[in-house]
Amino acid sequence: MSLVTMKHLLDRAEGYAVGAFNASTPDMILDILTAAEQEQAPCILQVSWSALMFIGAPVFSTLAPELAKRVSTPVAVHLDHCTDLGQIEQAFGLGFTSVMIDASRLPIEENIKVTREVVRKAHARGISVEAELGRIGGTEDDVWSDASTFTDPDEARWFVQETEVDALAVAVGTAHGIYKGEPKLDFQRLRRLHEVCDAHLVLHGASGLPDEAVTEAVRCGVKKINVATELKLAWLEGVREIPGDDPRKVLGRARERVIDVVRAKIRLMRKGLIGD
Ligand SMILES: [Zn+2]
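Being a predicted model, the structure only gives us computed values, none of them experimental.

So, the overall build of the chain
Per the secondary structure count, the chain includes twelve helices and eleven strands. The C-alpha atoms of the chain give 17 Å as radius of gyration, which agrees with the globular expectation for 276 residues (19 Å, within 12%). Across its three principal directions, the C-alpha atoms of the chain cover 55 × 40 × 35 Å. Looking at the 276 residues of the chain, the share that counts as buried comes to 57%. Restricting to contacts in the chain with at least 6 residues of sequence separation, those with at least 24 account for 72%. Of note, the chain has its 32 positive side-chain charges centred 3 Å away from the centre of its 41 negative side-chain charges.

Following this line, the structure appears as structure tokens:
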């Protein structure tokens with residue numbers, strides 16, 4: 001159908017959230033898009049900078065936008081957590097329709113300054129921007145934080161007004177990587193953030209979240225939900241399941257596992273829409 005921006009997808013997400021799935025390898029690009037096609041759902045295909053370097057920027061920029069255009073539902077191609085303005089400018093020329101500037105390590109005034117600059121440059125090229133305010137704990141690809149600082153709704157309102165960012169990743173109790181105990185999400189804070197923020201809310205660290213927490217987050221107004229770790233685990237599980245020496249069989253099982261997880265997550269995020 002079409003390669004669109006993240007904002008295009010999120011503006012239209014009424015009663016559901018759009019799944020944003022991280023590809024770690026070239027084959028996962030295809031797996032994620034296949035799952036979106038099979039579910040007939042919009043999706044966001046995303047990579048971290050290190051995954052982009054592993055796949056190879058020329059390979060990714062040739063494959064991802066072309067394959068995304070062939071899916072019969074709208075797809076956005078997004079660069080996940082990026083802290084480097086030079087890398088973001090490179091991404092502008094690689095077919096991304098959306099980027100995330102993560103300046104959440106900086107004091108809020110600095111975060112605003114950096115994010116505003118990225119928004120100005122990206123919007124001039126028709127590219128959407130996601131930013132982060134507060135700190136999401138845990139480890140995943142290029143992000144690491146040993147502590148989580150919940151997002152303050154008043155600061156978030158101010159941040160969005162000042163930056164005109166399209167989407168905001170908020171810290172409400174989720175974490176990157178694998179959960180050790182059951183995560184407790186602050187839904188009241190999420191509702192308040194949705195009320196006061198003039199940007200789409202993004203939930204990171206959805207791998208391992210109980211299904212009820214995901215559906216409740218969607219009810220609270222979250223429009224984009226990131227899934228990375230569970231896809232890596234599914235891929236590894238698939239690869240380890242098949243003994244022998246046929247790469248197609250080994251990768252074939254990994255593909256099935258990844259597609260299954262992406263499809264299940266899409267259905268979960270669209271549960272309110274289909275009403276079951
Ligand atoms: Zn994240």
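Back to the write-up after that little detour.
A look at a negative patch on the surface
On the surface, a cluster of negative charge is contributed by Glu109, Glu110, Asp152 and Glu155. Residue placement: Glu155 occurs in helix α7 (residues 153-163). For Glu155, a relative accessible area of 37% translates into the label partly exposed.

The rules behind these values
Each chain has its residues counted from 1, running along the sequence as written. Local features are withheld for residues below a pLDDT of 70 in this predicted model, meaning they are given only at 70 or higher, and side-chain atom pairs are given and counted only at 80 or more; totals for whole chains, interfaces and linings count all residues. Based on all heavy atoms of the structure, the side-chain values leave hydrogens and waters out of the count. In DSSP terms, a helix is any run of H or I states spanning at least four residues, a strand is any run of E spanning at least two, and both are numbered starting from the N terminus. Note that the radius of gyration is over C-alpha atoms, with the globule rule given as 2.2 Å times the number of residues to the power 0.38. Working definition: with a 1.4 Å probe on protein chains only, accessible area under 20% of the residue-type maximum means buried, over 50% means exposed, and in between means partly exposed. Only heavy atoms matter for contacts: two residues are in contact if any of them lie within 4.5 Å across the pair. For the purpose of counting charges, residues Lys and Arg are taken to be positive, whereas Asp and Glu are taken to be negative. His and the chain ends are not included. A charged residue contributes its charge at one atom only: NZ of Lys, CZ of Arg, CG of Asp or CD of Glu. Here, patches come from residues exposed beyond 30% relative accessible area and free of salt bridges, joined within 9 Å for like charges and within 5 Å for nonpolar side chains (Val, Leu, Ile, Met, Phe, Trp, Tyr). The Shrake-Rupley method, run with a 1.4 Å probe sphere, supplies the accessible areas, and residue values consider only the shown protein chains as cover. Salt bridges are defined by distance alone: a side-chain nitrogen of Lys or Arg within 4 Å of a carboxyl oxygen of Asp or Glu.

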